[in-house]
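Inside the fold
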Amino acid sequence: MNHYQKKTTRIIRTLIGASLLLYIFTNAKMEYWLPFYTFQTNVFVGLWYLFSGLLPGKEKPCFLITDSFKGAITTYITITGLVYNLVLIPVEIAYVGYIPFVSVVTHMIVPVMMVTDFIITPPVKKPQWKKLPLWLTYPIVYAAITLLNGAINDFYPYPFIDPGQVNTTAQLVFNYIALFLIHLGLAGLYFFIARKKWQKTNN
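Here we summarise the structure given alongside this text. None of these values were measured; they are calculated from a predicted model. Every chain is numbered on its own, with residues counted from 1 as its sequence reads. The predicted origin of the model limits local features to residues at a pLDDT of at least 70 and limits the giving and counting of side-chain atom pairs to 80 or more, whereas totals for whole chains, interfaces and linings rest on all residues. Each side-chain value is derived from all of the structure's non-hydrogen atoms; neither hydrogens nor water enter the calculation.

Describing the environment of L189
By definition, any uninterrupted DSSP run of H or I lasting at least four residues is a helix, any uninterrupted run of E lasting at least two residues is a strand, and each is numbered from the N terminus. Inspection of the secondary structure assignment puts L189 in helix α7 (residues 169–202). Residues L189 and T75, 114 residues apart in the sequence, show an inter-C-alpha distance of 9.2 Å.

In structure tokens, the structure reads:
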């Protein structure tokens, strides 16, 4: 990639990040969205695009633009897209009667954009398998905080993790374990892809 292409990529990424964050944080429903996995993972994506455009090529880059952080949030935003498109679309249509534009952006456009960027762009450094467990930190913390907040305020952002809407405790535990395993599987897949792309680029 020549200097002009790198500069253009930086500008595009900065604009994407700034636009996504502005769109999210200026929405009238922003306060309601705070506990939702969708909101948080889209914020991560927005931050990555913004800072990867503004702070490239640093010797000790901000953690927000490292290959590892990019891989982690690609995993998270993929989960956002998969869960919505495979599970939650009927729920939303039943509730509001249609798929809102914000859902199209945060559950469809942003996940596809981030996954595409991850797949076509080779990592700067060779991914180390020892960093893979770090990618699972956020979903574990998110689950713990969601359960705690739910127990205190009786609010759960999604029906499949809400004890009041899940038939049995066993089913609830299964849902949480299944979500964790999906995160683990996707993280492993993206780690494998990143290592293969690094090898191809550096051989």
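Quick notes on the nonpolar core
Joining through side-chain atoms within 4.5 Å is the link that ties buried Ala, Val, Leu, Ile, Met, Phe, Trp, Tyr and Cys residues into a set, and such a set is a nonpolar core. Classification of residues uses two cut-offs on accessible area relative to the type maximum, computed with a 1.4 Å probe and protein chains only: under 20% is buried, over 50% is exposed, and between them is partly exposed. Counting 46 residues, the largest nonpolar core has Y37, V45, M114, W135, Y158 and F160 as its most contacted members. For this core, the secondary structure elements donating two or more residues are α1 (3–25), α3 (37–54), α4 (67–96), α5 (101–120), α6 (137–153) and α7. Note on contacts: a residue pair qualifies if any of its non-hydrogen atoms lie within 4.5 Å across the two residues. Leaving out residues up to four positions away in the same chain, Y37 has contacts with Y76, I79, T80, Y138, Y142, Y158 and H183.

Some words on the environment of L186
Turning to its location among the elements, L186 is positioned in helix α7. On the accessibility criterion, L186 (13% relative accessible area) is buried. Considered as a pair, L186 and T75 are 111 residues apart in the sequence and their alpha carbons are 6.0 Å apart. For L186, the contacting residues outside a window of four places in its chain are T75, T78, I79 and L82.

Describing α4
One axis fitted to the seven residues ending at a residue, another fitted to the seven starting there: the angle between these axes is the bend at that residue. Its axis deflected by about 65° at L88, α4 carries its strongest bend there, up to four residues before the proline P90. Looking one or two residues beyond α4, the residue adopting positive phi is G97, at roughly 95°.

With respect to a nonpolar patch on the surface
Judged by side-chain polarity, I140, V173, I177, F180, L181 and L184 come together as a nonpolar surface patch covering roughly 500 Å² of accessible area. If you trace the backbone, F180 turns up in helix α7. Judged by relative accessible area, F180 falls into the partly exposed class, the value being 33%. A patch is a set of surface residues, each over 30% in relative accessible area and not in a salt bridge, joined within 9 Å for like charges and within 5 Å for the nonpolar side chains Val, Leu, Ile, Met, Phe, Trp and Tyr. Here, Shrake-Rupley sampling with a 1.4 Å probe gives the accessible areas, and only protein chains in the shown set may cover a residue. Salt bridge, as used here, is a side-chain nitrogen of Lys or Arg placed within 4 Å of a carboxyl oxygen of Asp or Glu.

Here we look at the packing of α3 against α4
Running from N to C, α3 and α4 point in directions that differ by 145°, and their axes come no closer than 9 Å. Considering the relative orientation of α3 and α4, their crossing is left-handed. Residues Y37, T38, T41, N42, F44, V45 and W48 of α3 touch α4, and the partners they reach there are F69, K70, I73, Y76, I77, I79 and T80. Under the scheme applied, nonpolar residues are Ala, Val, Leu, Ile, Met, Phe, Trp, Tyr, Cys and Pro; charged residues are Asp, Glu, Lys and Arg; polar residues are all the others, including Gly. Across the contact of α3 with α4, the residue classes tally to nine nonpolar, four polar and one charged. Think of each axis as a best-fit line through the C-alpha atoms, taken over the contacting stretch in the case of a helix, with angles from 0 to 180 degrees between the N-to-C directions. Two helices crossing with the near one rotated counterclockwise from the far one by less than a right angle form a left-handed crossing, whereas a clockwise rotation gives a right-handed crossing.

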